Amino acid sequence: APWRLMMSLTPSRGCLLDLPWEDILVPHILCHLPLQQLLSLQRVSKSFQSLIQLYLANMRCFDSSQIGPAIPRAAFINLLKDNEVLQQLALQNCSDWLTDRELLPVIGQNHHLHQIQLKGCAQLSRHALVAISLSCPNLRRLSLAHCEWVDSLSLRSLADHCKALEAVDLTACRQLKDEAICYLVQKCSRLKSLSLAVNANVGDVAVEEIAKSCPELEHLDLTGCLRVKNDSIRVLAEYCPKLRSLKVKHCHNVAESSLSILRSRGVELDVEPPLQRALVLLQDVVGFAPFINLQI
């Protein structure tokens, strides 16, 4: 409907553009249009170009996926060059073109960011994370999945400056070891969601520190963390009463003896109980005890 309205009210009639830009057009009409259509609208006239530039300068959320899989580097720079009010920035899988040179100016002039998504942005460096930590004190959610450039020093900078973090995705950040994770959770005790999946360097020391430092933790992903064992899972069960989901698939040293504690509390697990446990559960629910031989 907003798109049809804008196309019916042409610039020559002077109707649409006579409306207050900042009070009406930007917050109540343009915000309902896909970003890709807004960029096309710039070509209608110079007035529309100015209007769209005003919208881009006041945009609170930028998601590169709204434009398409391949956004040109120059286009990204031009889109956000005047914006200082971004709150959410999503640039996942922009590894073909996104480097520190493009990202750092955007981070440096946007101090209100509370959510940043950089999944798969492989050409960035540790300087990007340091810039985020220094410029975004209100950061709540950060995804660095498959960003192998993340190291312990840049993660320490994040922990020192972004203590309001609630969700961090460090999937496949393989440089990180227990010490760096411990430092992060000690400083960012408000964490509710944390992923350390696909990191063979993460072990019991990190998991136990997560449990003791983050009482608000609800979601933890340890998929493929081969050094994690039963003892730390038991500590997790003891210290994290709000835990809702735990992923431990391919953690070969984690057994049902520790998971059963969480399972009994209703925590969602990605590992099925062994057959004997499943039969016991069936007995409790259906009452088939006389017909089932539990001596397996």
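Note that the coordinates shown come from a computational prediction; the quantities given were computed from them, not determined experimentally. (Residues numbered from 1 in each chain as written. Predicted model: local features only at pLDDT ≥ 70, side-chain atom pairs only at ≥ 80, totals over all residues. Heavy atoms only, no water.)

J.: What is the right way to read helix H12 (residues 256–264) from this model?
T.: An α-helical segment advances 3.6 residues per turn. Residues three or four places apart therefore align on the same side. Those residues of H12 not exposed but buried are Glu256, Ser258, Leu259, Leu262 and Arg263. When H12 is viewed along its axis, its buried side chains cluster within an angular range of 155 degrees and face the same direction. Gly266 sits one or two residues past H12 and shows a positive phi near 85 degrees. (Buried < 20%, exposed > 50% of the residue type's maximum accessible area, 1.4 Å probe, protein only. Helix = DSSP H or I, 4+ residues; strand = E, 2+ residues; numbered from the N terminus. Arc of directions from axis to C-beta.)

J.: What's the story with the packing of helix H10 (residues 204–213) against helix H11 (residues 230–239) in this structure? I'm lost.
T.: When two helices pack together, their arrangement is given by the angle between the helix axes and the distance between those axes. Taken N-terminus to C-terminus, the directions of H10 and H11 make an angle of 5 degrees; their axes are 8 Å apart at the nearest point. Accordingly, the angle class assigned to the pair H10 and H11 is roughly parallel. Counting all contacts with H10, which are made through Asp204, Val207, Glu208, Ala211 and Lys212, the residues of H11 involved are Asp231, Ser232, Val235, Leu236 and Tyr239. Counted by class, the contact of H10 with H11 contains five nonpolar, one polar and four charged residues. (Axes fitted to C-alpha atoms, helices over the stretch in contact; angles between N-to-C directions. Parallel < 35°, antiparallel > 145°, perpendicular 65-115°, else oblique. Contact = heavy atoms within 4.5 Å. Nonpolar A, V, L, I, M, F, W, Y, C, P; charged D, E, K, R; others polar.)

J.: So what exactly am I meant to see when it comes to unusual backbone geometry here?
T.: With the exception of glycine, the majority of residues adopt a negative phi angle, and the majority of peptide bonds are in the trans configuration. Notably, Val198 is not glycine yet its phi reads approximately 55 degrees, a positive angle. With respect to the helices and strands, Val198 occurs in the loop between strand E6 (193–195) and H10. A positive phi is found at His250, a non-glycine position, where the angle reads about 70 degrees. In this structure, His250 sits in the loop between strand E8 (245–247) and H12.

J.: What should I look at first to understand the nonpolar core in this one?
T.: A general feature of soluble globular proteins is that nonpolar side chains tend to end up buried together. Grouped together as the largest cluster of nonpolar side chains are 85 residues, with contacts concentrated most on Phe62, Leu170, Leu222 and Leu246. Dropping the residues within four chain positions of it, Leu222 is found in contact with Leu196, Ala197, Val207, Val228, Ile233, Leu246, Lys247, Val248 and Cys251. (Core = buried A, V, L, I, M, F, W, Y, C linked by side-chain atoms within 4.5 Å.)

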